[in-house]
Amino acid sequence: MRVIDSHTAGEPTRVVIDGGPDLGSGSLAERAARLEAEHRGFCDSVLLEPRGHDAMIAALLVAPSDPDCVAGAIYFNTLQNLGMCGHATIGLAATLAYLGRITPGRHKLETPVGVVELVLHDANTASVVNVESYRLRKSVSVKVEGHGTVTGDVAWGGNWFFLVRNSPLALTVDNIRPLTDLTLAIRAALEAAGITGADGAWIDHVELFGPPEAESAQGRNFVLCPGGAYDRSPCGTGSSAKLACLAADGAWQPGAEWIQESVIGSTYALSYRPGEQGGVIPTVRGQAFVTSEANLIFDPADPYRMGFRS
């Protein structure tokens, strides 16, 4: 199995170029559902230890059903598929540029939640024009064990998020373990209270916000991902959900640039235009760098060839 690894603002992406399962025909959403239902072992083998880790996201490169798209991508983590992933899309853009499959300019990419636009600025810099993002519920309060009442917004940016405007803890690298424990507790409290996204969808990401460290930035965040790891980048879909909340509150204008810091200090440049359904169409700009190219080997004698959970 041939893979190319990259990182986007510190967050790793593994693109599966060759050797993935046969998903048959149909729409990309149908093929993505087939991947999750029938090939979980393949996904685990790509991302779990000893080949991967909880923070890594994979993108399976597939043929698009839309002929206007340069490629199709199915994203998955160590637990499940993802509808969309901003950092992995920027990483995929850098990977496709590395392979010589795209050059600077505008391109369309098909994802399970719809077609997104890629703008490759140079070999390492890309913008993603995401799917329409929106806030579902404002100022939802939940009691969190050990932390009292926490209030946040429920919003969609390609995945479901609970966004807490004022983090109870400082968003610093030294606090990564306490921040992880806090966001896991918030997610558990949301589940216990029956708070969901649209149509009962699991809110699998929790995002905390606070003041930035750099004078050029407008905010800093910490994002809990579904598998329990934190996002090293400012999180593309989480930043999209953030823009949707800012727009809904009238706190940020269309076209204006918002610089979002991650907990490690990496940044995305964000902006939006109004969407057709009342939400926003976010644009997320960031940098990605290819870090390795490898062939994954699956020795039948290896008892851990399909990965294991630590």
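These figures come from a predicted structure and were not determined experimentally.

Caption draft 1: Summary view of the overall build of the protein chain. Each helix and strand in the protein chain was counted, giving five helices and 16 strands. The dimensions of the protein chain, computed from C-alpha atoms along their principal axes, are 50 × 45 × 35 Å. Across the 310 residues of the protein chain, 55% fall into the buried class. Counting contacts in the protein chain only where the partners sit at least 6 residues apart, residues at least 24 apart contribute 63% of the total. Approximately 12,700 Å² of the protein chain is accessible, and the part contributed by carbon and sulfur atoms is 49%. Of the charged side chains in the protein chain, 23 are positive and 34 negative, and the gap between their average positions amounts to 2 Å.

Caption draft 2: Region of interest: helix α5 (residues 236–248). For α5, built from 13 residues, the straight-helix expectation of 18 Å at 1.5 Å per residue is met to within 8% by its first-to-last C-alpha distance of 18 Å. With 11 of 13 residues buried, α5 lies mostly within the body of the structure. Residues of α5 that are buried include every one of G236, T237, G238, S239, S240, A241, K242, L243, A244, C245 and L246, and no others. One or two steps after α5, the chain reaches G250, where phi turns positive at roughly 70 degrees.

Caption draft 3: Inspection of the pattern of salt bridges at higher detail. For the structure shown, the criterion picks out 13 salt bridges. The salt bridge involving E261 is made with R220; its shortest N-O contact spans 2.8 Å. Here R220 lies in strand β13 (residues 219–224) and E261 lies in strand β14 (residues 258–261), a separation of 41 residues in the sequence. By the burial criterion, E261 is buried, and R220 matches it. Because the salt bridges share partners, they merge into one network encompassing R135, K138, D153, R165 and D249.

Caption draft 4: View of the nonpolar core. Within the largest apolar cluster, 63 residues are counted, with the highest numbers of intra-cluster contacts made by Y75, L92, L109, F162, I186 and L208. The element contributing the most residues to this core is helix α3 (residues 86–98), with seven residues. V16, L23, A32 and V62 belong to the second largest nonpolar core, which has 18 residues in total.

Thresholds applied
Residues numbered from 1 in each chain as written. Predicted model: local features only at pLDDT ≥ 70, side-chain atom pairs only at ≥ 80, totals over all residues. Heavy atoms only, no water. Helix = DSSP H or I, 4+ residues; strand = E, 2+ residues; numbered from the N terminus. Buried < 20%, exposed > 50% of the residue type's maximum accessible area, 1.4 Å probe, protein only. Contact = heavy atoms within 4.5 Å. Areas by Shrake-Rupley, 256 points an atom, 1.4 Å probe, with all protein chains shown as cover. Lys, Arg positive; Asp, Glu negative; His and termini not counted. Charge placed at Lys NZ, Arg CZ, Asp CG, Glu CD. Expected span 1.5 Å × (residues − 1). Salt bridge = Lys/Arg side-chain N within 4 Å of Asp/Glu carboxyl O. Core = buried A, V, L, I, M, F, W, Y, C linked by side-chain atoms within 4.5 Å.

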